[in-house]
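The primary structure of each chain is shown beneath.
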Amino acid sequence: MRIAEVAKQFDISADTLRYYERIGLLRPVQRNANGVRDYSEEDCARIGFVKCMRGANVSIEALIEYMRLFDEGDATLEARKQILIEQRDAARERLARVQAGLDRLDYKIAHYDELISLQKAAITEGRAS
């Protein structure tokens, strides 16, 4: 698959794909006779994994290390697992902070709903007098 097709499939730019290759998140992509990148299913699976991990806010640095270890094979299973555990724990902390913010927003919105309701009742009561 060509870079434009892969970019469209994964909703990322061609520049991002080139960057991922340059920093080691992707292995060097095979090129056709004209020098055009030709992404394999394995390349696409790797892109899908990277995109998913970036969506979870896994750091580029952690992903580079993870992919380097992945490429080294099964002798690195424990190290890869440790990276994933650390990144999961960091994601849970971020999620807890976001949830606390959402809870505060819900509280404030409910408070304003109550104030607006009281204001409307006072206006309606004033007209009835």
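Because the structure is a prediction, the values reported are computed rather than measured.

Caption draft 1: Molecular detail of the overall build of the chain. What the chain contains, in helices and strands, is five helices and zero strands. Reading the secondary structure of the chain in the N-to-C direction produces α-α-α-α-α. If you line up the chain on its principal axes, its C-alpha atoms span 85 × 40 × 20 Å. Contacts in the chain between residues far apart in sequence, at least 24 positions, make up 43% of those at least 6 positions apart. Split by element, the accessible area of the chain, about 9,300 Å² in all, is 54% carbon and sulfur.

Caption draft 2: A look at the packing of aromatic side chains. Evaluation of the coordinates by the stated rule reveals two aromatic pairs. Between Tyr19 and Tyr20, the ring centres sit 6.2 Å apart and the planes meet at 45°, which makes this aromatic pair tilted. When its relative accessible area of 8% is taken as the criterion, Tyr20 is described as buried.

Caption draft 3: Molecular detail of the nonpolar core. Val6, Leu17, Tyr20, Leu25, Tyr39 and Ile47 are the most contacted members of the largest nonpolar core, which totals 23 residues. Among the elements of the structure, helix H1 (3-10), helix H2 (14-23), helix H3 (41-55) and helix H4 (60-72) are those that each provide at least two residues to this core. If one sorts the elements of this core by residue count, H4 sits on top with six residues. For Tyr39, the contacting residues outside a window of four places in its chain are Met1, Arg2, Ile3, Val6, Leu17, Glu21, Leu26, Val29, Cys44 and Ile47.

Rules behind the numbers
Residues numbered from 1 in each chain as written. Predicted model: local features only at pLDDT ≥ 70, side-chain atom pairs only at ≥ 80, totals over all residues. Heavy atoms only, no water. Helix = DSSP H or I, 4+ residues; strand = E, 2+ residues; numbered from the N terminus. Contact = heavy atoms within 4.5 Å. Areas by Shrake-Rupley, 256 points an atom, 1.4 Å probe, with all protein chains shown as cover. Phe/Tyr/Trp six-rings, centres within 6.5 Å; stacked < 30°, edge-to-face > 60°. Buried < 20%, exposed > 50% of the residue type's maximum accessible area, 1.4 Å probe, protein only. Core = buried A, V, L, I, M, F, W, Y, C linked by side-chain atoms within 4.5 Å.

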